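Below are the chains, spelled out letter by letter.
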Amino acid sequence: MHVSVDGKLVALEAGATYADLARAAGVPDALAARQGGQIYELFRPVAAEGEAELLRFFDADGAMVFHHTSTHMMAQAVRRLYPDAKFAIGPADAEGFFYDMDLSHQLGPDDFPAIEEEMRRIAAADYAVSREVLPRREAEALFAELGESLKLEILARLPEDAEISIYRQGEFVDLCRGPHLSRTGLVQAAKVLSVAGAYFAGDESRPMLQRLYGTSFPTKEGLEEHLRLLEEAKRRDHRRLGRELDLFTFHDVAPGFAFWQPAGTAIYRELEGFSREVQARYGYREVMTPWIFRPDLWQTSGHWGHYRENMFVVESEDETVALKPMNCPGHCLLFQETVRSYRDLPLRIAEYGPLSRFERSGTLHGLLRVRGFHQDDAHIFLREDQIGSGIEEVLEILRVIYGTFGLQYRVELSTRPEEYLGERALWDRAEGELAAALDRAGLPFRINEGDGAFYGPKIDVHVIDALGRQWQCATVQLDFQFPLRFGLEYRDQEGKAQTPVMVHRAIFGSIERFLGILLEHFAGAFPSWLAPQQARVLPVADRHLEYAQSVASELRALSLRAEADTRDEKLGYKIRSAAADKVPYLLVVGDREAEEGSVSVRARGETKSTALPRAAFAGRLAEEVRARRLELGAHAE
RNA sequence: GCUGACGUAGCUCAGUCGGUAGAGCACCUGCAUGGUAAGCAGGAGGUCUCGGGUUCAAAUCCCGACGUCAGCUCCA
């Protein structure tokens with residue numbers, strides 16, 4: 001038989017395995033093979049003639065197979081050390097793996113070295129991995145005998161006609177769909193990373209299992225490189241950078257609410273100002289509405305029935321009131337305050353006010369998940385014939401704003417959830433309108449079934465940061481429900497009452513969260529327009545203090561954020577300190593500069609400096625900030 | 001909320017067997033007046049998260065609360 005690999009035709013004898021294929025094709029580091037969309041172990045016979053693909057560790061699917069066997073090895077190690085361990089599921093992806101297990105011993109970091117050591121033994125033994133397909137009865141008998149009660153449950157949940165396969169390596173046997181490596185000896189470097197709780201099948205009502213996380217590589221060097229990347233992510237953690245750069249802090253007495261230091265507030269206000277500027281260009285008008293309302297409003301909006309567990313409810317003068325988690329109901333009231341004409345539409349109303357949402361204590365996470373935050377929120381009231389253009393306009397704003405940060409993004413369309421308001425037909429139409437607008441904007445999207453808001457479907461946007469991680473930020477929601485519930489209307493050409501359609505949208509999403517994401521994306525080294533301090537003047541000796549102050553105040557007169565470092569320290573110390581603060585431009589001033597009225601500019605990340613007349617530098621920096629340039633260039637010749 | 005770990009100076013952390021607390025950085029003072037990533041010396045700074053308990057004695061052991069972290073569940 002003939003199989004082609006990478007366009008190369010390979011002749012094989014009947015009954016040959018994928019290992020034979022790998023040998024014949026000259027791919028010694030193949031881990032598994034893919035053919036007809038399915039992944040096979042190397043020890044399995046070639047399924048068909050035609051094209052096949054040999055998977056190696058640097059293919060995402062190859063790494064997944066590698067990690068899958070690794071997680072079995074981890075389970076095998078745990079079983080040897082703790083014979084009472086029962087296993088649930090042990091999935092893998094390209095990054096690593098975990099295994100959910102139940103055992104009487106509470107695992108902790110102190111136990112990891114022993115588990116890793118045992119995994120090394122399993123690798124050294126180089127067990128062959130084998131696969132068997134069993135009738136359901138026999139599989140049940142096998143796992144019953146092994147006391148694997150969780151495996152029995154999983155078995156019982158498998159569909160009637162499922163093929164039931166088990167894998168063995170040495171004394172270890174596992175119910176598993178595969179695919180796997182052919183030998184345990186390939187896993188030369190493995191690390192147990194952490195342990196955390198996880199519910200069996202995600203069911204909160206069940207006792208919690210222990211989930212053991214790990215990762216593995218074919219070589220020690222690969223593992224070390226990966227551990228370095230984890231360190232890098234830790235170094236960029238916005239909570240750490242927020243503290244180091246004095247941007248914001250949290251306090252025990254206000255969990256989920258940030259204290260914004262002056263430096264953090266400066267960035268926050270820049271983001272807000274940027275949003276205002278762009279939105280004003282598109283005809284948005286900003287409003288301010290109350291942040292505490294009586295329940296009547298929440299009843300009308302439906303929040304009382306669908307969102308109450310996420311709201312802060314307060315007693316006040318014998319009545320119950322609630323803090324707003326969203327602006328939409330307030331904006332509906334505001335719309336209603338005036339008689340509206342079709343000429344007023346689309347009416348774009350923006351608000352940056354405070355929102356409060358009750359989040360369960362275990363879910364809080366720095367700025368990325370808080371209880372008190374602000375959105376760059378807006379509601380657009382439209383005629384039905386304006387839906388398409390309205391959504392497209394929002395997608396354009398999205399492009400403008402994300403483009404300014406150099407952020408890539410990915411789009412999802414979230415459809416009707418199980419708990420929803422209104423009629424199905426309206427939902428279907430709304431979903432269709434959103435999909436059509438995305439198509440027209442040329443944005444490919446994924447459907448996220450059942451993840452819409454209770455009042456309408458939404459477009460969710462995930463930004464991709466410098467480390468390739470994805471974060472949900474923008475949301476665009478089309479809503480036919482609120483206008484009906486609030487009885488909103490406008491007069492058409494004939495003077496007849498019509499119901500408008502509403503679009504809920506936020507581009508940053510939560511400004512707090514967006515700032516946290518930017519902080520990690522830029523690793524704290526913000527472009528100059530966002531930097532809390534845009535330039536710092538460093539006097540060489542104290543006879544230059546006065547000149548340094550005058551340079552700084554000239555910059556401040558141009559609305560630039562600049563300070564002089566007047567501390568009684570040497571220049572090297574101040575340079576180092578400014579580098580730690582990630583200030584974009586350092587302006588060194590000594591005898592020479594004071595005499596010529598110049599500054600010696602050193603840009604962040606560079607060691608060379610450039611002498612410039614102070615007015616020239618000020619003008620260039622002001623222009624760079626005005627244009628919101630991503631790269632530092634105000635010092636260039 | 002659930003499971004587990006953790007909570008010591010502003011920050012990062014040490015503190016052995018239970019015997020009343022320590023380092024580096026930061027801060028303040030003095031000397032040094034300096035030219036591109038840490039000058040030298042000194043000083044101040046603590047209700048060891050909080051509340052109970054055990055003990056002659058608790059940062060240390062036990063219980064509870066709160067917070068943080070890793071996840072789960074939920075979400076901007």
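The rules behind each value
Residues numbered from 1 in each chain as written. Chains lettered and ligands numbered in written order. Predicted model: local features only at pLDDT ≥ 70, side-chain atom pairs only at ≥ 80, totals over all residues. Heavy atoms only, no water. Helix = DSSP H or I, 4+ residues; strand = E, 2+ residues; numbered from the N terminus. Phe/Tyr/Trp six-rings, centres within 6.5 Å; stacked < 30°, edge-to-face > 60°. Buried < 20%, exposed > 50% of the residue type's maximum accessible area, 1.4 Å probe, protein only. Core = buried A, V, L, I, M, F, W, Y, C linked by side-chain atoms within 4.5 Å. Domains from an automatic or database assignment. Contact = heavy atoms within 4.5 Å. Axes fitted to C-alpha atoms, helices over the stretch in contact; angles between N-to-C directions. Left-handed = near helix turned anticlockwise from the far one by under 90°. Expected span 1.5 Å × (residues − 1). Pairing = 2+ DSSP bridges.

With respect to the environment of Arg120
With respect to the helices and strands, the residue Arg120 is situated in helix H3 (residues 112-125). Taking the C-alpha atoms as reference points, Arg120 and Ala77, 43 residues apart in sequence, are found 9.2 Å from one another.

A closer look at the environment of Ser104
In this fold, Ser104 is placed in the loop between strand S7 (97-102) and H3. Each C-alpha atom, one on Ser104 and one on Ala85, is 7.5 Å from the other, the two residues being 19 residues apart in sequence.

Some remarks on the packing of aromatic side chains
Tallied over the full model, the rule gives 26 aromatic pairs. Judged by centre distance (5.4 Å) and plane angle (50 degrees), the rings of Phe98 and Tyr213 are tilted. Taken together, the residues span a long stretch of sequence, with Phe98 in strand S7 and Tyr213 in strand S12 (residues 208-217) at a distance of 115 residues. For Phe98, a relative accessible area of 18% translates into the label buried. Residue class for Tyr213 comes out partly exposed when judged on its relative accessible area of 29%.

Topic: the nonpolar core
Residues Leu271, Tyr402, Phe405, Leu587 and Phe617 are the most contacted members of the largest nonpolar core, which totals 83 residues. With nine residues, the single largest contributor to this core is helix H12 (residues 387-405). In terms of domain composition, this core takes at least three residues from each of domain 3 (248-521) and domain 4 (535-626). If sequence neighbours within four positions are ignored, Leu587 has contacts with Ala535, Arg536, Val537, Leu538, Val551, Leu555, Val599, Ser600, Val601 and Phe617.

Focus: the packing of helix H8 (residues 262-281) against H12
Here H8 crosses H12 at 145 degrees, and the two axes come no closer than 11 Å. Crossing angle aside, the handedness with which H8 passes H12 is right-handed. Mapping the contact onto sequence places Leu271, Phe274, Val278 and Arg281 in H8 and Ile397, Val400, Ile401, Thr404 and Phe405 in H12.

Topic: H8
Over its 20 residues, H8 extends 28 Å from the first C-alpha to the last, a length consistent with the 28 Å expected when each residue adds 1.5 Å. Those residues of H8 that are buried lie in contact with strand S14 (258-260), strand S20 (347-351), strand S22 (372-382), H12, strand S29 (501-510) and helix H15 (511-521).

What about the domain arrangement of chain A?
We note that the domain assignment places domain 1 (2-56), domain 2 (61-228), domain 3 (248-521) and domain 4 (535-626) within chain A. A separation of 51 Å is found between the C-alpha centroids of domain 1 and domain 3.

Comments concerning the sheet that holds strand S27 (residues 490-491)
The three strands are arranged S19-S27-S28 in an open sheet whose pairing can be described as mixed. At either margin of the open sheet sits one strand with a lone partner, and together these are strand S19 (340-341) and strand S28 (497-498). Direction of pairing for S27 relative to S28: antiparallel, over a ladder of two bridges. Bridged to Arg491 within S28 is Ala497.

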